[in-house]
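A look at the structure
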Amino acid sequence: MRIDDPMPELPILILLPSMEPPDSTAIERGPDGDPMVLGLSLIQRAVLAAQRAAYRRTLLLADGVAGAAGMLSSSAPLILAPAAILAEADWLERMASIRVEPAAWAAIPGRIVMLPAASAPAAANALAEDGGVQDLAAAESRLARLFGPPAPIPAGIDPMVVETPADVRAAERRLMRSLVKDTDGFMARHVERPISLAISRRLARTAITPNQMSLISIAVGICGGPFFLSSRPLMQTIGALLFLAHSILDGCDGELARLKFQQSRWGGILDFWGDNVVHTVIFGCMGVGWSLAAGSLWPLALGAGAVLGTLGSAGFVYWRVMRRKDDGGALFTSVSASPGGPLTRLLDSASRRDFIYLVILLALFGRSNWFLVLAGIGAPVYFLLVLLAARTRNPADRLKESDPGLARSANPPAPEQE
């Protein structure tokens, strides 16, 4: 067995009944009796995760495999799992990239079975004989008699079966951990993300949508702006804390979207422009507040520099990177269409919002206007660097444009994993 490029045939996910342990009655269940995990039943998660992983379809065989041989005998690879599986798009995608030798099979006993397209018809007939099999354990036993011992599935694929209340809690923790982004800044990872995850964990069971959370976070951030019109430390501190609250709540919309499979292009656009509107309001109010306190117009120039630099960078990144992006992934991941270069990595790091903690520190002393000096100069410079990064492409990108075949040879596929 090996891992390679995605197989040409889209897999079919088959869910089989699973035995319920005695303490499973304590598990929260949906209207159809299926266990619930963070607002979705396991069956719903399986269907949505398989769709996200580009599977051909998902079948729930409530009465086992009896009578389903014709349905399963197809030219597609089959992935068999208990109905209590915690389906996640990432490991389902990796499963779709596994190559199993013809007339063979692979398995993680008790959790997942994979049949290549070549052996699917024979396997389906064997599983349906003598009244069929009712669960995954019986299917594994019959497949072992037909094909011999299964090949192991790589350790990186680790599906979880949810059968007890303890399993539900473990599944929730696992899903919440998967929401942490590698791109989070230091303070976002250690301060904001734990808070937003705790909020999202509770909101997942409600009808609140990711877009509603985006609007709430935007409203909270905008409400913080007028507090910077004052020179009083208390007022500025309230504004800075509302700015931080916006940043925390802004993490909830994406977390809810990933938890409930509600990602959308419109949601990504709302999130991106909402953040920049909040930054614009904050910087603009800082400039006006400082101008009023100083009795002079020159602080407005710093405010204008911060606002125009922010909007310029946002507008260019949207036009250059995000406008035509429609690959089903995150809408905004980098300021450049060719990430990976030193300048792009620097700009991506600078776009993190750890600077909010400096705003809070300065606001405690009524000196948030000092931050405006950094923003008024730094935002236009950042915009110019974004323009420069757009003109600086990675060697691999230039190679791909000049000779696509050579680019592929310069980036060979991942080595086989036995």
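Reference entry: report on the structure contained in this document. Remember, predicted model here, so these are calculated numbers, not experimental data. Per chain, residues are indexed from 1 in the order of the written sequence. With the structure being a predicted model, the display of local features is reserved for residues of pLDDT at least 70 and the display and counting of side-chain atom pairs for 80 or more, all residues being used for whole-chain, interface and lining totals. Values shown for side chains rest on all heavy atoms present in the structure; no hydrogens or waters enter the calculation.

1. Structural notes on the pairing of strand E10 (residues 112-115)
Think of it in three bands: with a 1.4 Å probe and only protein chains considered, a residue is buried below 20% of the maximum accessible area for its type, exposed above 50%, and partly exposed in between. A run of H or I in DSSP becomes a helix once it reaches four residues, and a run of E becomes a strand once it reaches two; helices and strands are each numbered from the N terminus. On E10, burial covers both faces: Ile112 and Met114 on one face and Val113 and Leu115 on the other are all buried. Where strand E9 (residues 106-108) meets E10, three bridges bridge the pair, whose relative direction is antiparallel. From the neighbouring strand, alanine 106 faces E10, where its bridge partner is methionine 114. Strand pairing is defined by DSSP finding a minimum of two bridges between the two strands. Linkage of E9 to E10, two consecutive antiparallel strands, is achieved through a turn of three residues, within which glycine 110 is found at a positive phi near 80°.

2. Concerning the sheet that holds E10
Two strands in a sheet stick together by hydrogen bonds in their backbones, pointing the same way (parallel) or opposite ways (antiparallel). In spatial order, the strands read E5-E2-E6-E10-E9-E11; together these six strands make up an open sheet with mixed pairing. What marks the edges here is a single partner per strand, and that holds for strand E5 (57-60) and strand E11 (151-152). Bridge count between strand E2 (residues 12-16) and E5: four bridges; the pairing is parallel. From the neighbouring strand, isoleucine 14 faces E5, where its bridge partner is leucine 59. Residue contacts follow a heavy-atom distance rule, with two residues in contact if any of their heavy atoms lie within 4.5 Å. Helix axes are fitted to C-alpha atoms over the stretch in contact, other axes to C-alpha atoms as well, and angles between N-to-C directions run from 0 to 180 degrees. The strands touched by helix H5 (residues 136-147) within the sheet are E2, strand E6 (78-82), E9 and E10, with E10 carrying the most contacts at an inclination of about 40°.

3. Notes on the packing of helix H4 (residues 120-128) against H5
Running from N to C, H4 and H5 point in directions that differ by 125°, and their axes come no closer than 10 Å. On the basis of the axis angle, H4 is oblique to H5. For the element pair H4 and H5, the recorded crossing hand is right-handed. Here H4 contributes Ala122, Ala123, Ala126, Leu127 and Ala128 to the contact with H5, which in turn contributes Ala139, Arg142, Leu143, Leu146 and Phe147. Each residue receives one of three labels: charged for Asp, Glu, Lys and Arg, nonpolar for Ala, Val, Leu, Ile, Met, Phe, Trp, Tyr, Cys and Pro, and polar for the others, Gly being one of them. Tallied by class, the residues present in the contact of H4 with H5 amount to nine nonpolar, no polar and one charged. Angular relationships are summarised with four words: roughly parallel below 35 degrees, roughly antiparallel beyond 145, roughly perpendicular across 65 to 115, and oblique for the angles in between. Helix crossings get a hand from a simple test, with the near helix turned counterclockwise from the far one by less than a right angle marking a left-handed crossing and a clockwise turn marking a right-handed one.

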